[in-house]
Amino acid sequence: MLVTIIGSGNVASVLGRVLVNKGYTVDKVYSRNRQHAVVLANELGAAATDDLYELDDTSDLYLMAVTDGSLAEITSSLSFKNKLVVHTAGSVSKEILSNTSERYGVLWPMKMIRKQMTTVQPVTMVVDGSSEEVITQIEKLAHLFTDTVIRADDAKRAQMHMVAAFTSNFANHLYHLAADFCAREKIDFSVFYPIILETAHRLQEGYPKNLQAGPAFRGDQKTMDAHAAMLSTYPQMARIYGMMSKSIGDIFEK
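Participant: I would appreciate a short explanation of the nonpolar core in the present structure.
Facilitator: Among the nonpolar cores identified, the biggest contains 34 residues, and Ile 5, Leu 19, Val 29, Leu 107 and Phe 145 are the most heavily contacted of them. Listing elements by their share of this core, those giving two or more residues are β1 (2–6), α1 (10–21), β2 (25–30), α2 (34–44), β4 (61–64), β5 (84–87), β7 (124–129) and α4 (132–142). Look past the residues within four positions of Phe 145 in its chain and what remains in contact with it is Leu 15, Val 18, Leu 19, Leu 107, Val 120, Gln 121, Val 123 and Met 125. By size, the runner-up hydrophobic cluster in this structure holds 16 residues, among which are Tyr 30, Leu 55, Leu 71 and Leu 78.

Participant: What is the right way to read the pattern of salt bridges from this model?
Facilitator: A side chain with one charge can pair with a side chain of the opposite charge if their charged atoms come near. Under the criterion given, the structure shown has 15 salt bridges. Ionic pairing is found between Lys 28 and Asp 56, a salt bridge with its closest N-O pair at 3.7 Å. With Lys 28 in strand β2 and Asp 56 in the loop between β3 (47–49) and β4, the pair connects residues that are 28 residues apart, well separated along the chain. Since its relative accessible area comes to 15%, Lys 28 is described here as buried. As a salt-bridge pair, Lys 246 and Asp 250 come within 2.9 Å of each other at their nearest N and O atoms. Of this pair, Lys 246 and Asp 250 both sit in helix α9 (residues 235–251), 4 residues apart, which is roughly one turn of the helix. The two residues Lys 246 and Asp 250 agree in class, both being exposed. A network of salt bridges, in which partner residues are shared, links Lys 94, Glu 95, Asp 128, Asp 154 and Arg 157.

Participant: Would you take a moment to explain the sheet that holds strand β8 (residues 149–151) for this structure?
Facilitator: Note on sheets: strands pair through backbone hydrogen bonds, and any given pair is parallel or antiparallel. Reading across the sheet, the 8 strands line up as β3-β2-β1-β4-β5-β6-β7-β8 and stay open at both edges, with mixed pairing between neighbours. Of all the strands in the sheet, just β3 and β8 have a single pairing partner and so form its edges. Strand-to-strand, the axes of this sheet are offset by a mean angle of 25°, without reference to chain direction. Sheet topology places β4 next to β5; 4 bridges connect them, and they run parallel. Note on β5: the bridge partner recorded for Leu 61 is Leu 84. Each of β1, β2, β4 and β5 touches helix α3 (residues 68–75); the most contacted strand, β4, lies at about 140° to it. Against the sheet, helix α5 (residues 154–185) contacts β6 (103–110), β7 and β8, and its axis sits at roughly 20° relative to β6.

Participant: It is not clear to me how the environment of Tyr 175 should be interpreted in this structure. Could you clarify?
Facilitator: Examined against the element boundaries, Tyr 175 turns out to sit in helix α5. When sequence neighbours within four positions are dropped, the list of residues in contact with Tyr 175 reads Phe 189 and Ile 196.

Participant: Looking at this structure, I do not really get the side chain of Thr 100. What am I missing?
Facilitator: Within the fold, Thr 100 resides in the loop between β5 and β6. Within the structure, the side chain of Thr 100 is placed 3.5 Å from the backbone oxygen of Thr 75, a separation counted as a polar contact. Aside from chain neighbours lying at most four places away, what touches Thr 100 is Thr 75, Leu 78, Ser 79, Phe 80, Lys 81 and Val 85.

Participant: Explain the packing of aromatic side chains here, please?
Facilitator: By the definition in use, this model includes 6 aromatic pairs. Measuring from centroid to centroid gives 3.7 Å for Tyr 62 and Phe 80, while their planes differ by 10°, and the two rings are stacked. Highlighted residues: Tyr 62 in strand β4 and Phe 80 in the loop between α3 and β5, separated in sequence by 18 residues. Taking relative accessible area as the criterion, Tyr 62 reaches 0% and is therefore assigned buried. Of the residues examined, Phe 80 reaches a relative accessible area of 0% and is grouped as buried. Residues Phe 189 and Phe 192 carry aromatic rings whose centres are separated by 6.1 Å and whose planes lie at 35° to one another, so their mutual orientation is tilted. Clustering of aromatic rings is evident, with ring pairs tying together Phe 189, Phe 192 and Tyr 193.

Participant: Help me out: how do you make sense of a nonpolar patch on the surface in this one?
Facilitator: A grouping of Met 162, Val 163, Phe 166 and Phe 170 is seen on the molecular surface, where their side chains present a nonpolar patch of about 410 Å² in accessible area. Mapped onto the elements of the fold, Met 162 is located in helix α5.

Participant: How do you make sense of unusual backbone geometry when you look at a structure like this?
Facilitator: Apart from glycine, the bulk of residues carry a negative phi angle, and the bulk of peptide bonds sit in the trans form. Here the residue pair Gln 121 and Pro 122 is connected by a cis peptide bond, since its omega of -5° sits within 30 degrees of zero. Considering the arrangement of structural elements, one finds Pro 122 in the loop between β6 and β7. Positive phi, normally seen in glycine, also occurs at Lys 81, with a value near 55°. With respect to the helices and strands, the residue Lys 81 is situated in the loop between α3 and β5. The backbone of Lys 186 shows a phi angle near 60°, a positive value even though the residue is not glycine.

About the criteria used
- Residues numbered from 1 in each chain as written.
- Predicted model: local features only at pLDDT ≥ 70, side-chain atom pairs only at ≥ 80, totals over all residues.
- Heavy atoms only, no water.
- Core = buried A, V, L, I, M, F, W, Y, C linked by side-chain atoms within 4.5 Å.
- Buried < 20%, exposed > 50% of the residue type's maximum accessible area, 1.4 Å probe, protein only.
- Helix = DSSP H or I, 4+ residues; strand = E, 2+ residues; numbered from the N terminus.
- Contact = heavy atoms within 4.5 Å.
- Salt bridge = Lys/Arg side-chain N within 4 Å of Asp/Glu carboxyl O.
- Pairing = 2+ DSSP bridges.
- Axes fitted to C-alpha atoms, helices over the stretch in contact; angles between N-to-C directions.
- Polar contact = N/O pair within 3.5 Å; in protein donor to acceptor, adjacent residues only side chain to side chain.
- Phe/Tyr/Trp six-rings, centres within 6.5 Å; stacked < 30°, edge-to-face > 60°.
- Patch = residues over 30% accessible without salt bridge, like charges linked within 9 Å, V, L, I, M, F, W, Y side chains within 5 Å.
- Areas by Shrake-Rupley, 256 points an atom, 1.4 Å probe, with all protein chains shown as cover.

Structure below.
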């Protein structure tokens with residue numbers, strides 16, 4: 001299968017790398033930044049371009065791995081007849097591609113992806129398409145990356161994208177704040193890896209509400225006040241600690 005990749009960032013790089021490793025041929029790589037296109041194209045054995053009008057309809061698959069905000073502008077300039085066109089955005093409707101091809105859909109890797117990765121596993125790939133035949137083809141494509149593939153229409157995928165912010169982006173932000181606190185207070189953040197991993201592991205075995213623990217869960221105001229005092233010079237952490245403790249307390253009011 002001949003592939004054109006539109007984009008040169010994290011997702012384009014990693015998905016392109018996997019496709020080539022699976023025996024696919026990348027014909028062209030497009031990026032607004034020509035040098036970025038050249039770097040990825042050289043790695044994937046493809047031609048590079050920064051001109052959308054150089055993208056013809058000779059490929060079998062057009063993988064649009066660009067920022068959500070640039071999808072509308074880019075797709076308005078493209079037409080690939082009945083070739084398979086997919087975008088990789090979780091929060092953007094598949095219909096943004098409806099004028100680009102008769103066969104279009106979504107291949108969304110639910111993961112924080114960084115350019116240096118050689119694989120996206122473990123990952124859930126979320127797919128959708130303009131017809132049953134297209135969805136089936138995109139599912140086969142998704143299985144190149146993972147065994148965990150699910151279907152979700154625009155509305156459900158948007159909800160999943162929001163939940164991903166809670167479970168990944170927000171959680172990572174809390175780790176970031178905690179790591180910064182540890183660095184300033186001369187605590188080795190790595191000593192918390194076991195409890196982080198154990199918490200994530202337990203989520204696979206029980207409903208999160210049934211796994212809750214801690215002072216807010218117990219209604220232990222004395223301990224929460226002590227924690228708040230420790231955070232007196234960390235106002236951002238203090239605000240989050242207060243909001244999270246209140247949210248937990250409201251659910252588990254003793």
